[in-house]
Structures are given as structure tokens and as C-alpha cells.
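Breakdown of the fold
The primary structure of each chain is shown beneath.
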Amino acid sequence: MTRSILVWHRDDLRTVDNAALAAAVADGDPAPAFVFDPRYYGERSLACDARLRFLHECLDDLDRQYRDRGSSLALRTGDPREVLWSLLDSGVVDAVYCNRSTTARYGREVGEAVRSWDAVTTFSDDGIRRTDRRHRDGTVAVDTREGWGNGSETAGRWQDHCEAYFEREPAERPAGLPDNPVESTTSVEAVEDRYDVTPEKSDVPPGGTVAGKERLSAFCDRLSEYPGVVSPPAAAAERSSRLSPYLAFGPLSVRQVYRAVEEAPECRGRSMYRSRLFWNRHYSQKLADWPGWADRAVNPVLRGLFRDEHDPELVAAWTEGRTGFPMVDAAMRALVETGYINFRTRAMVASFFHYVLREWWRRGADFMYRHLIDADPAINYTQWQSQCNLTGVHPVRIYDPAKQVREYDSDGEFVREYVPELAPLPDEHLAKPGKAPLAVQEEAGVRIGEDYPRPVVDFERRAAQTRAQYADLADRAEEALSDARVRRRGSFSTRRREEGEGAGEGNTGEATSEGQSSLDDF
Ligand SMILES: Cc1cc2nc3c(=O)[nH]c(=O)nc-3n(C[C@H](O)[C@H](O)[C@H](O)COP(=O)(O)OP(=O)(O)OC[C@H]3O[C@@H](n4cnc5c(N)ncnc54)[C@H](O)[C@@H]3O)c2cc1C
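Everything numeric in this text was worked out from a predicted model, so none of it was measured. (Residues numbered from 1 in each chain as written. Predicted model: local features only at pLDDT ≥ 70, side-chain atom pairs only at ≥ 80, totals over all residues. Heavy atoms only, no water.)

**Structural notes on the overall build of the chain**
Looking only at helices and strands, the chain has 24 helices and five strands in total. Considering only residue pairs separated by 6 or more positions, the chain has 78% of its internal contacts joining residues 24 or more positions apart. Surface exposure of the chain reaches about 21900 Å², of which carbon and sulfur atoms provide 46%. (Helix = DSSP H or I, 4+ residues; strand = E, 2+ residues; numbered from the N terminus. Contact = heavy atoms within 4.5 Å. Areas by Shrake-Rupley, 256 points an atom, 1.4 Å probe, with all protein chains shown as cover.)

Here it is, written out as C-alpha cells:
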């Protein structure tokens, strides 16, 4: 008798390049399903409504793909462990197939529980090395990045593994499918009504494979522009790929994007972009190796840093974009209004939160995670830890927000869009509006201290205080790295450490955020 195989979709919302679906087609009758978990909805959820809407659009699109082939996407609500167990237990399906998802906290707990059942088969055709052999503390027993970049014979093994993934032919979309024996007990509309999903963000891209493919094809046509648009925040919002939410929810796979980009004419933009797709896989690998990334500092000496100094007023000024530092405020308002800011700007606000406001990184990382449409635990939390040097191997890079305005928004396009109260000021005063002479303020009709706040902290003083504190901790942090497991978690790049990345830009200790410009630069 043909086996009925439930294909459990999570962050793989596509029918092409889907190993679990392809295997279900080969082994029986696929029954595709998605389970809305109430944990991701409501006040305490770490997903904003705009991200939930993006997910819902992806589900509508996935359902259309299945319907075009004679099936449909079954929708259920509840704890996936209970929903899937009851479908297996009642005999509606005989087995569950799913792709491995690299996540943390609750999502990982659910995934691991389901994966342990005999009736469940998991697939990991995603460039991530999973050994699943674990130490007692949950870390992998085999170093998946063994030999990486250290000149040994095994150097580059992870890179080879990842490259092989990119080069392998992806599974094709199934042609025709049987009826889905799993009935939907809910709908996207019912879930939106029940949890009052009312997105307030603007300029959010539409979800789904069709929209993702259109975006990918338009981006491939302008790949040569990429190096020039990736850093300035206004240009990046308009002209960088903006494919990250599609990669996070999976209406497009990283491999599909990689292969489309490989077909474009060779140019610097193409190789830069290709590197970023490796970074995407690299950070997933880091989280797969150690799920603790989302919760605690890699280096035990730096754990809990600034946690007790918490100042709710400062955190509110940061989240609401009223710190008195125009680039930080524009960035935070852009994040909340649109769910997107580019890499450099994310790095700057993270660095500002931790080093300058001297706040515990997790509060900032969770806030950003909630608002990003492309929120990916593997990238967000590892990036926060690296920007805040919680590994003990990175330089303390403190971005000067005024310098960011001068270098990446010199015509004030980004600051004026998100901090309109500063718009009438001449360009040269947008970096430090408090320094604008009173006559200039008067002529522009902008009073700093009334229409726009003065800086909430003394940047130089706080930056110096933090640098001194990190210097004090340096020896102990270095010592903690003698524990092989800690060192391995923090091992982004031996090369970067040797070359002292971050010493550039006038010895301010500020790194270029494009420091990772090649595959060796992890
Ligand atoms: C503090 C911080 C938090 C971040 N959180 C996330 C997150 O939750 N989700 C997320 O997708 N990206 C995150 N990034 C990485 C990066 O900022 C975004 O991937 C990028 O801005 C998305 O825009 P894009 O699609 O136009 O990127 P492009 O510049 O067009 O890059 C293409 C793709 O490459 C990948 N990529 C780019 N930069 C990185 C990077 N540094 N690390 C890993 N992958 C990368 C992304 O998948 C991206 O879609 C974070 C960066 C920082 C500094």
C-alpha cells in the first residue's frame, strides 16, 4: 500500500529544491502541511505583524503551487508536536518527512522532539554539516569547521562541503500530486483574525516564491551596481538584493539564488554577492554547532556584561529613535517603520547599543529580531555577538554615528527621510545637529533640544569607558579561549585576528563592516 507521508513545512516554503518533498514523492503520497504555532503570535512573540504577514503570503503562494499540481497545503493550529503526533496516531498519515531547520530556543526544542520519533525522517540538503553527535552540554562532538583556514591539509573542508551543496542539482518541482488526505482545520485569514495581525510597517516586500523570483531576476540584471549600493543605507534599501526575507522563510533557497547569480556576467558585484551567500550558510553552521548563540555570550568572561547597569530610559531612546544621534535614530526608526536596515547600519546600532549605551546585548538583539522581516536567528544573534565582541576574538569596533552620516549619507537622504524634524538643516550639520550655530538653527527653524533631542550620552566618554573595561577583561577573556570548545565557537577567522581587523579608519578601532570581503573572512 502507498504510504501517506506528511511533509512538514517550516522555513522551506517552496516546492522546488525541497529535499523532504522530493523524497516523499519518491517514497509515497506526499501530504504537505504547515502548523501555526500560537507561541509565535500575540504580545510576547518575537515576530512583528509585518513579518507574520510576509509568512502568511508565503503560505498562500505555497498553497497555490500545490493546488496547481493537484494537491493543497493543509493548515493546522497548535503545538506542532501534538498536531503531528495526533495525525500519525490516528493513522491519517504513516510518516513525517521534514527538512532540518537551523534555529534556537523553542523552535529548536520542538524540532528536536519531532525528529526523535521513529516515524520521522529529516533531510539536510542545505550546506550545513550536522554530525548529531553531541557532548553532554549540547555542543557538537565533531568540529564541523575542522582545519578551516589554518593552512592544514584539511583546510577548507567546510567551504568544500558548502560549495558542493551550491553546485549540486536541486530537487525538481513535482509534476502532479495526489489529493492531500490531511484536511485544513484553519486558514490564513482565520489565524490573522484570531491574533489580530495588523501590520503597521511600510515598504515590506510581498511574500512568496513568485515575488521572490521577480526580485531575484531584477537584482541579477543590476549585479554590477551591488558594490556601490551595499553600504549607504538609503541606496541599500532601494538597490541591494533585499532577498533576505525570502531566504529566511525559504520561498527561495540559498542555492536557487546562488545558481541564478552564477548565470549573470562575471563582475565584482557577483563575487561579493556570492560571498554573502556563503556567510548566510556559515552563520547557520555556527548556530547548528552551538545553539547557545541566541542566549548567552560565547566567551564566559563577557557573559552578562552591562546587564546590571540597565537604564530603561536609554533603551527606550534607542528603540524609539530619539538618542540625539541622527544616524542611530534614523536607523532605528527605519527598522521599526519598514523592518529593514542594511548590514552596516545594523552593525552600527548594535555597536552603539552595547558599547555606547552600555546595555546588555540580548535586549537589543531581541528587539531587532522582533522587527526584522528577514529575522534569522542564525545571523541575528551571531552578528550581535560578533559586533559586541562577546566572543573575545573580535576587535572592539565602536562605530562613530556622526562619521557614518558623513561617509554614507553625506547628502542626508536617509537621515532626512526618517528624522524629518532635522530635514531643514544644511547637510553639513546633519551629523552633529547640536553643534549647529544657533543662527543656523534659527534660520532652519529647528531648535536642538526642543524639536530634536540633544545626545542622550557623551559618546567619547562612554566609548573610552567601554574600551578600558574590555581592555581590563582582555587577559581573562583570552584565557577562556584556551577551552577548545569556546575557541571553536568564536573562531570566525584566524586571518582577521592576525591582521588586526578593525585597526583601520584612523585608528578609531572602527572596522569597515565590509571587512568580510572574501570567503576566507569569516
Ligand atoms: C546585528 C546584525 C543582525 C543581522 N540580522 C540578520 C537577520 O536576522 N537576518 C538576515 O538575513 N541577515 C541579518 N544580518 C545580515 C545582513 O545585514 C542582512 O542579511 C542584509 O542586510 C539583508 O539585506 P539584503 O538581502 O539586501 O542583503 P544583500 O547584501 O543583498 O546580501 C544577500 C544575502 O546574503 C546574506 N547576507 C548578507 N550579509 C550577511 C551577513 N553579514 N551574514 C550572513 N548573511 C549575510 C543574506 O541572506 C542576504 O539576503 C544582520 C547583520 C547584523 C550586523
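**Brief notes about the site of the ligand**
Lining the immediate environment of the ligand, one finds 28 residues, of which Tyr226, Ser240, Ser241, Arg242 and Asp376 sit closest. Interatomic distance of 3.5 Å between a backbone N/O atom of Arg276 and an oxygen atom of the ligand. When the ligand is considered free in solution it has 830 Å² of accessible area, and contact with the protein chains removes 98% of it. Where the shell around the ligand is concerned, the elements lending two or more residues are helix H10 (244-249), helix H12 (268-289), helix H15 (343-356) and helix H17 (377-387). (Near = heavy atom within 4 Å. Polar contact = N/O pair within 3.5 Å; in protein donor to acceptor, adjacent residues only side chain to side chain.)

**Some thoughts on a negative patch on the surface**
On the surface, a cluster of negative charge is contributed by Asp203, Glu238, Glu337, Asp411, Glu413 and Glu417. Within the secondary structure, Glu413 is located in helix H19 (residues 413-418). When its relative accessible area of 45% is taken as the criterion, Glu413 is described as partly exposed. (Patch = residues over 30% accessible without salt bridge, like charges linked within 9 Å, V, L, I, M, F, W, Y side chains within 5 Å. Salt bridge = Lys/Arg side-chain N within 4 Å of Asp/Glu carboxyl O. Lys, Arg positive; Asp, Glu negative; His and termini not counted. Charge placed at Lys NZ, Arg CZ, Asp CG, Glu CD. Buried < 20%, exposed > 50% of the residue type's maximum accessible area, 1.4 Å probe, protein only.)

**Describing H17**
Of all 11 residues that make up H17, 10 are buried, and the element is covered over most of its length. As for H17, its buried residues are in contact with helix H4 (105-115), H12, helix H13 (312-319), H15 and helix H16 (361-371). Where H17 begins, the capping side chain belongs to Asp376, and its oxygen is found 2.8 Å from the backbone nitrogen of Ala378. With its phi angle positive at about 45°, Asn389 sits one or two positions after the end of H17.

**Observations regarding helix H5 (residues 157-167)**
Three or more residues of H5 are buried, namely Trp158, Gln159, Cys162, Tyr165 and Phe166. Across the axial projection of H5, the buried residues extend over an arc of 120°, all falling on one side. Structurally, H5 contributes buried residues whose contacts are with helix H11 (254-262) and H12. (Arc of directions from axis to C-beta.)

**Things to note about the packing of aromatic side chains**
Summed over all chains, the structure comprises 27 aromatic pairs. Aromatic side chains Trp318 and Phe353 sit 4.3 Å apart centroid to centroid with 50° between the ring planes, which places their arrangement in the tilted category. In this pair, Trp318 is assigned in helix H13 and Phe353 in helix H15, connecting sequence segments 35 residues apart. We note that Trp318, like Phe353, is buried. Ring geometry for Trp361 versus Tyr381: centroids 6.4 Å apart, planes at 80°, classification edge-to-face. (Phe/Tyr/Trp six-rings, centres within 6.5 Å; stacked < 30°, edge-to-face > 60°.)

**Quick word on the packing of H15 against H17**
At a closest axis distance of 9 Å, the pairing of H15 and H17 adopts a crossing angle of 60°. Here H17 runs oblique to H15, going by the angle between their axes. When the axes of H15 and H17 are compared, the crossing they make is right-handed. Contacts between H15 and H17 involve Phe343, Ala347, Ala350, Phe353 and Tyr355 from the first element and Gln383, Trp384 and Gln387 from the second. Here the residues of the contact of H15 with H17 are counted per class, giving six nonpolar, two polar and no charged. (Axes fitted to C-alpha atoms, helices over the stretch in contact; angles between N-to-C directions. Parallel < 35°, antiparallel > 145°, perpendicular 65-115°, else oblique. Left-handed = near helix turned anticlockwise from the far one by under 90°. Nonpolar A, V, L, I, M, F, W, Y, C, P; charged D, E, K, R; others polar.)

**Topic: the pattern of salt bridges**
Taken as a whole and assessed by the stated rule, the structure comprises 27 salt bridges. Put simply, Arg322 and Glu320 hold a salt bridge, and the shortest N to O gap is 2.8 Å. What makes Glu320 partly exposed here is its relative accessible area of 47%. Ionic pairing is found between Asp451 and Arg447, a salt bridge with its closest N-O pair at 3.7 Å. Look at Arg447 and you get partly exposed, because its relative accessible area is 47%.

**Remarks on the side chain of Thr391**
Positionally, Thr391 belongs in the loop between H17 and helix H18 (401-408). Accessibility expressed as a relative area gives 0% for Thr391, which makes it buried.

**Comments concerning the UniProt feature "binding site: FAD" (unreviewed entry) in the chain**
Under the UniProt annotation, the feature "binding site: FAD" (unreviewed entry) is placed at Tyr226, Ser240, Ser241, Arg242, Leu243, Ser244, Tyr273, Asp374, Ala375 and Asp376. By the element assignment, Ser240 lies in the loop between helix H9 (233-239) and H10. Relative accessible area serves as the criterion here: at 8%, Ser240 is assigned to the buried category. Among all residues touching Ser240, those that are not within four sequence positions of it are Phe219, Arg222, Tyr226, Val229, Ala235 and Tyr340. Structurally, Ser244 can be placed in helix H10. (UniProt positions renumbered as here; feature names shortened; annotations may be inferred.)

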